[in-house]
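Each chain is listed here by its residues.
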Amino acid sequence: MKNNYISMQNISKSFGKVVANKNINLTVHQGEIHALLGENGAGKSTLMSMLSGVYTPDGGSIFVKDKEVRFAAPKDAINAGIGMIYQHFKLIDVLTAKENIILGQKNGLFLNQRALTERIREMSARFGLDIDPDKKVYDMSVGEKQTLEILKVLHRGAEILILDEPTAVLTPQETEKLFKIMNRMKEEGCAVIFITHKMNEVMEVADRITVLRKGETVETVHKNSTNPKHLTELMMGCAVDLSIKRIETEKSKVAMEVKDLIAYNDEGVKVLKELSFSIYAGEILGVAGIAGGGQKELCEAIAGLQPVKQGEIIFEEENLVGKSPSEIIAKGVSMSFIPEDRLGMGLVASMDIVNNIVLKLYQRQKGFFINRKPAEQKSLEIVKRLDIQTPGINHPVRMLSGGNIQKVLLGRELDSKPQVLITAYPVRGLDINSCHTIYDILNEEKQKGVAVLYIGEDLDVLLELCDRIMVMCAGEITGIVDARNTTKEEIGLMMVGAVNSDIKEELS
Amino acid sequence: MIMPMTIRAIKKSEPSRLKAATIRIGAIILALITSSIFILLLDLNPANVYMKMVQGAFGTAYRARETIIKAIPLVITSLGIAIAFRMQFWNIGGEGQIAMGAFAASFVALNMSDMSKPILLLLMILAAMLVGGLWALIPAFFKAQWGTNETIVTLMMNYIGLKWIMYLQYGPWRDPNSLGFPKIANFTENAILPKLMGVHIGWIFALLLVAAVYIFLNHTKKGYEIAVIGESINTARYAGINIKRTILIAILLSGGLCGLVGMIQASGVNSTLSVEVTGGVGYTAIITAWLASLSAPVILVVSILFAALLEGGSYIQTVFGIPESAALILQGIILFFVLGSEFFVQYKFILVKNQNSVKKEVV
């Protein structure tokens, strides 16, 4: 029984009337990677918050190494060897890695800098963590920050590591690295709990998988005795079709044309380098590229938020460059951008759904006063159409789960009936079902003749969903290809800067 | 075996309105009990003292009027501050804006005193609101343009405003007929706000403004934009809100309301301009605005209660012959409990068993 590291028995937790966890059982062994799989709102995060001392369970017991424990605060959980890595990093930007690690720990008045550095180096080597102890956090990439978070909890003596959707913010390469670290930890005898809803990651890295659905445990399965289809069925409670439809439409008129677009960022770095492309009505144009390759700047330039140095954006025979964001919205260009932390852009967290829907409606209303009646109607429609899990339309969006927050945002953008719909990372962090709802919605818009610019991360999705794929690298377009007859490899090459000469010729 | 226990404060998920109200009322009861101990130490009967406090605030028509007169500047200044605070623009420059508003109103009153009363008063109001608004606009402009910290700039500008009034009072505006006393001349009769039901008509302004600010913040586009900017600048940017313009408009209004208070105090209460015109209202209103959670109707109630506390406090000084400091201590205790109760609305305490056994296992 020694290897029963953690056992959670009959755990229940409700928030007001909402039951988040109901009699959940979970056992994690030493030296295993245990995936916690479930849709948004299935209760994964709540369960882990109880294991890490953020919430106290309403009922049930938690055992760590066969001893019953009761955590009243995260500190208790840390003392019991449980460390949680959140999606939103809890690091101080202006401090170095080393300073972040020792922050908040009791270790005397003075600090033995050298011994600490030595200890960090030693731990880094042991777990295969690649981190410079003296690097400032603001200089770090997302992947490095995550590594630092892991190192931080390990330094506090964590033997059980909980990762809350760690790959949602990572590039494929960084994800690979993270999996190596996780496997290393497993070899070192730690236990890793991995919250996710990405099937391929589960199959790649997990040993056992516990599936949650609507706050209850469905089943715990061994990886070897299952497959993605089976897991999806467990998650959803029914059989689902995982393929993405591509609706064929007649290629029609150009909806928007971008010509020689050049833009600089605040530091004077050229972020958009002579971009030229067209989007047709009734097509989905995908944009692929490594994060930071100018996708965000392109979106913001079209929306009038990023100053343009040179070039034109022609929409309905008018140049959008120089117009204010509200004028561009009024013309029928919608842009929604889901940032890496999924918060902060587009929604007002403390306001309810109605007041967030109003945000794109009120400017079209005449006069001085604001009328919330239409927004209430729309809110009800959007909640129903996108199946948003909420106690009501007057519920603050901050209290909704991540996926539902995103649905509110997209629902609103689609509702404004745009002619050009720019959507960046709309499925970021969403579960399969919600992803497919969103793909369906984009297809619907396409069929209505809307030009969709879809900035995505997942190449498989881009290949299946889009008509054409534009690849960006360091602010340049390295190629625009037909999604029907290209390969992941071809796009991958263009993502790192190999210019597709055929396409370039075709363009000019 | 007895487990050692510790107390921990835990953030509540979302306090219900009923619970919050219960906690706040409980805090007032506790404040009264605690004050009772203090009153007993002074050899007085607490029940008697409380009754006299209420009587002092509302006991006679005269005293009720005095309380209302104290409440008027608090209400209007709190409204002004609430507009800025909704946008998370920390305008703590109410003092300076009141002073500059009073200055502008006095300038009109002293130089154009031969105009007919309604026109003169209207001009005074407009001048006060404009100058108060512009005084607030300076830090707002700095913030919108260069992202400076408005807390510091608005605070510093209080001193400039108040010292400017002092300079006028001791220097160029000193009344030659005041026998060397540093005093600015009294306003002529037609520069003084008329009375209605025994109180200068500032109370009508206050009531109208409560309604106007409530509608502005909750039912107009600008009010909504102000709230969005307050919650998230990035969201406001993506929604196409003109952020700079909205900041400037909101702060112009915020400062304008404070400026109006300067006019009302100079004209309706003091009939002249002096450095005492603000009476600390610019700071007190921050407390009342917060206590009212920036809601206009609640501001009205809180301000009247606050004014009653002040009036009642000064009344018991004369009735019981206790020093001013004793009355201030009572006010302090009550405020302390009421403000402190906000913590209990947000957090709850729980008793927990210590986890020593676990710690040993792992370390």
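Residues numbered from 1 in each chain as written. Chains lettered and ligands numbered in written order. Predicted model: local features only at pLDDT ≥ 70, side-chain atom pairs only at ≥ 80, totals over all residues. Heavy atoms only, no water.

(A) Molecular detail of the packing of aromatic side chains. Using the criterion set out here, one finds 15 aromatic pairs over all chains in the structure. Ring centres of F343 of chain B and F344 of chain B lie 5.5 Å apart, and the angle between their planes is 90°; on these two criteria the pair is classed as edge-to-face. Ring pairs connect the aromatic residues F103, F107, W164, Y167 and W173 of chain B, which therefore count as one cluster. Across from the ring centre of Y86 of chain A, 4.7 Å away, lies the NZ or CZ of K90 of chain A, which sits over that ring. (Phe/Tyr/Trp six-rings, centres within 6.5 Å; stacked < 30°, edge-to-face > 60°. Lys NZ or Arg CZ within 6 Å of the ring centre and 35° of its normal.)

(B) Examining the pairing of strand β4 (residues 59–64) of chain A more closely. Residue and element names in this part refer to chain A. Here 5 bridges tie strand β1 (residues 4–15) to β4, and the two strands are oriented antiparallel to one another. Note on β4: the bridge partner recorded for I6 is V64. The sheet contact formed by β4 and strand β5 (residues 67–69) spans 3 bridges and is antiparallel. Paired with V64 across the strands is K67, a residue of β5. Here β4 folds back onto β5 in antiparallel fashion, the turn holding 2 residues, of which K65 has a positive phi close to 50°. (Pairing = 2+ DSSP bridges. Helix = DSSP H or I, 4+ residues; strand = E, 2+ residues; numbered from the N terminus.)

(C) Region of the structure containing the confidence of the model for chain B. In the predicted model, chain B carries a mean pLDDT of 88, and the fraction of residues at 70 or more is 92%. This stretch, residues 354–363 of chain B, has a pLDDT under 50; its non-local contacts, to residues over four places away or in other chains, come to 15 contacts. (pLDDT = per-residue confidence, 0-100. Contact = heavy atoms within 4.5 Å.)

(D) Inspection of the interface of chain B and chain A at higher detail. Taken together, the 28 residues of chain B in the interface contact 42 residues of chain A. With both chains or domains summed, chain B and chain A bury close to 3100 Å², and 59% of this area falls on carbon and sulfur atoms. Linking chain B with chain A are 1 salt bridge. Note that R237 of chain B is salt-bridged to E300 of chain A, the shortest N-O span being 3.2 Å. (Buried area = accessible area lost by both parts, 1.4 Å probe. Salt bridge = Lys/Arg side-chain N within 4 Å of Asp/Glu carboxyl O.)

(E) A look at the sheet that holds strand β11 (residues 254–264) of chain A. Residues and elements named next belong to chain A. Across the sheet, 4 strands lie side by side as β12-β11-β14-β15; this open sheet has antiparallel pairing. Each edge of the open sheet carries a strand with a single partner, namely β12 (270–280) and β15 (318–319). Judged from the 2 bridges that link them, strand β14 (residues 310–315) and β15 form a sheet pairing that is antiparallel. Across the sheet, I314 pairs through a bridge with N319, a residue of β15. Each of β11, β12 and β14 touches helix α9 (residues 295–302); the most contacted strand, β12, lies at about 65° to it. (Axes fitted to C-alpha atoms, helices over the stretch in contact; angles between N-to-C directions.)

(F) Molecular detail of the nonpolar core. Counting 189 residues, the largest nonpolar core has F277, Y454, I469 and I491 of chain A together with I76 and M124 of chain B as its most contacted members. Broken down by element, the residue count for this core peaks at 11 residues, all from helix α10 (residues 243–270) of chain B. Split by domain, this core shows at least three residues from each of two domains, domain 2 (247–332 + 418–508) and domain 3 (343–417) of chain A. (Core = buried A, V, L, I, M, F, W, Y, C linked by side-chain atoms within 4.5 Å. Buried < 20%, exposed > 50% of the residue type's maximum accessible area, 1.4 Å probe, protein only. Domains from an automatic or database assignment.)

(G) Focus on the packing of helix α3 (residues 61–86) of chain B against helix α7 (residues 202–219) of chain B. Residues and elements named next belong to chain B. In contact at an axis separation of 9 Å, α3 and α7 are set at 20° when each is read in the N-to-C sense. With respect to α7, the element α3 is oriented roughly parallel. As α3 packs across α7, the resulting crossing turns out to be left-handed. The segment α3 lies against α7, with I68, I72, V75, I76, L79, I83 and R86 engaging G202, W203, F205, A206, L209, V210, V213, F216, L217 and N218. (Parallel < 35°, antiparallel > 145°, perpendicular 65-115°, else oblique. Left-handed = near helix turned anticlockwise from the far one by under 90°.)

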